[in-house]
Amino acid sequence: GALVYQYPRRTICKSGTSMRMECQAVGFQATSVAWYRQSPQKTFELIALSTVNSAIKYEQNFTQEKFPISHPNLSFSSMTVLNAYLEDRGLYLCGAREGNTGQLYFGEGSKLTVL
Amino acid sequence: GDQVEQSPSALSLHEGTDSALRCNFTTTMRSVQWFRQNSRGSLISLFYLASGTKENGRLKSAFDSKERRYSTLHIRDAQLEDSGTYFCAAEAAGYQNFYFGKGTSLTVIP
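Scoring rules and cut-offs
Residues numbered from 1 in each chain as written. Chains lettered and ligands numbered in written order. Predicted model: local features only at pLDDT ≥ 70, side-chain atom pairs only at ≥ 80, totals over all residues. Heavy atoms only, no water. Helix = DSSP H or I, 4+ residues; strand = E, 2+ residues; numbered from the N terminus. Buried < 20%, exposed > 50% of the residue type's maximum accessible area, 1.4 Å probe, protein only. Contact = heavy atoms within 4.5 Å. Lys, Arg positive; Asp, Glu negative; His and termini not counted. Charge placed at Lys NZ, Arg CZ, Asp CG, Glu CD. Pairing = 2+ DSSP bridges. Phe/Tyr/Trp six-rings, centres within 6.5 Å; stacked < 30°, edge-to-face > 60°. Lys NZ or Arg CZ within 6 Å of the ring centre and 35° of its normal. pLDDT = per-residue confidence, 0-100. Polar contact = N/O pair within 3.5 Å; in protein donor to acceptor, adjacent residues only side chain to side chain. Axes fitted to C-alpha atoms, helices over the stretch in contact; angles between N-to-C directions. Buried area = accessible area lost by both parts, 1.4 Å probe. Salt bridge = Lys/Arg side-chain N within 4 Å of Asp/Glu carboxyl O.

**Quick notes on the overall build of chain B**
Helix and strand content of chain B: zero helices and 11 strands. Along chain B, from the amino end to the carboxyl end, the secondary structure elements read β-β-β-β-β-β-β-β-β-β-β. Expressed along its principal axes, the backbone C-alpha trace of chain B runs to roughly 45 × 25 × 20 Å. The buried share among the 110 residues of chain B stands at 45%. Considering only residue pairs separated by 6 or more positions, chain B has 56% of its internal contacts joining residues 24 or more positions apart. Side chains of chain B give 12 positive and 11 negative charges; the mean places of these two sets differ by 6 Å.

**A word on the pairing of strand 1 (residues 4-7) of chain B**
All names here are of chain B. Only one face of strand 1 is buried: it carries Val4 and Gln6, and the other face, with Glu5 and Ser7, is open. Here strand 1 runs beside strand 3 (residues 19-25); their pairing, made up of four bridges, is antiparallel. Looking at the pairing, Val4 lines up with Phe25 of strand 3.

**Looking at the packing of aromatic side chains**
The full count for this structure, using the stated rule, is 12 aromatic pairs over all chains. An angle of 90° between the planes, with centres 4.8 Å apart, marks the rings of Phe44(A) and Phe87(B) as edge-to-face. Of this pair, Phe44(A) sits in strand 5 (residues 44-51) while Phe87(B) sits in strand 9 (residues 84-92), on two different chains. Of the aromatic side chains, those joined through ring pairs into one cluster are Tyr36(A), Phe44(A), Phe106(A), Phe35(B), Phe87(B) and Phe100(B). Geometry around Tyr70(B) places Arg22(B) over its ring, the cationic atom sitting 4.0 Å from the centre.

**Here we look at the confidence of the model for chain B**
Per-chain confidence: chain B averages 93 in pLDDT, with 99% of residues scoring 70 or above. Across chain B, element-level confidence peaks in strand 8 (residues 70-75) of chain B with a mean pLDDT of 98 and bottoms out in strand 10 (residues 98-100) of chain B with 92.

**Focus on the environment of Arg76(B)**
Residue and element names in this part refer to chain B. If you trace the backbone, Arg76 turns up in the loop between strand 8 and strand 9. The residues contacting Arg76, other than those within four sequence positions of it, are Thr17, Asp18, Gly57 and Arg58. For Arg76, the side chain forms a polar contact with the main-chain oxygen of Gly57, separated by 3.2 Å.

**So, the pairing of strand 4 (residues 29-37) of chain B**
Residues and elements named next belong to chain B. Counted residue by residue, strand 4 has eight buried out of nine residues, so it is predominantly covered. Where strand 4 meets strand 9, eight bridges bridge the pair, whose relative direction is antiparallel. When the sheet's bridge partners are listed, Val32 is paired in strand 9 with Ala90. Bridging between strand 4 and strand 5 (residues 43-49) involves six bridges; their strand directions are antiparallel. Following the sheet pairing, Gln37 is matched in strand 5 by Leu43. Here strand 4 folds back onto strand 5, and the loop between the two strands holds five residues, one of which, Gly41, carries a positive phi near 100°.

**Digging into the sheet that holds strand 6 (residues 52-56) of chain B**
All names here are of chain B. Spatially, five strands are ordered 1-3-8-7-6 in an open sheet, and the strand pairing comes out antiparallel. Edge positions in the sheet fall to strand 1 and strand 6, since each has one partner strand and no second. On average, each strand axis in the sheet is inclined to that of its neighbour by 15°, with strand direction left out of account. Pairing of strand 7 (residues 59-63) with strand 8 involves five bridges; the strand directions are antiparallel. Residue pairing for strand 8: Leu59 is matched across the bridge by Ile75.

**Notes on the interface of chain B and chain A**
Opposite the 17 residues of chain B that make contact, chain A presents 19 residues. Both sides together, the interface formed by chain B and chain A hides about 1700 Å², and carbon and sulfur atoms give 50% of it. Our count for the chain B to chain A interface comes out at two salt bridges. Between Arg40(B) and Glu108(A) there is a salt bridge, with the nearest N and O atoms lying 3.7 Å from each other. For the pair chain B and chain A, the interface holds 10 residue pairs in polar contact (both at pLDDT 80 or more). Where the side of chain B that touches chain A is concerned, the elements lending two or more residues are strand 4, strand 5, strand 9 and strand 10 of chain B.

Now the structure itself:
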């Protein structure tokens, strides 16, 4: 079956430091990967959509300079939160989209706590 | 503004009863997906629909095939293990982004 592994599960970092998270699709080809942040209030924000061999599209309020993303092949993507501050805390989730069906599969998320 | 409006935001059900969650869309959507988020934060996919209805056990989902402006998730004979937060996510026609509703926190009471 289709699985998405995301790691690390949680990170505690000091203000101004960075956190990198990785997302691995297993059992299917992820033609695109969407990165989301879920706030402590449970609201989802789309950060960016990454499609292999296409430019990464960032949503308003999110930039490549702050959230650089790498998506080198159909099974792997990574995102870094640079210079993390309190407002960056939350659960970061990668959603990998299966090319054949269009369905999104999610990893377990990477929870970021900023001290 | 929000493209996906999910209701209700919270719901309490007695075991054995039925209910429905709904997502309204401010624009025509290409597809919709329903998830349940467990206590660890994992998003478990329940249904993915490009049109019509799908059923799995006590759960059934429908996506308005005509105007593509709403979707529903029906829960039949609610059980304690159905408790959790349910989200719909919809993809606008012409785009590849899925936008989430704000979730429905479901509590099933014995």
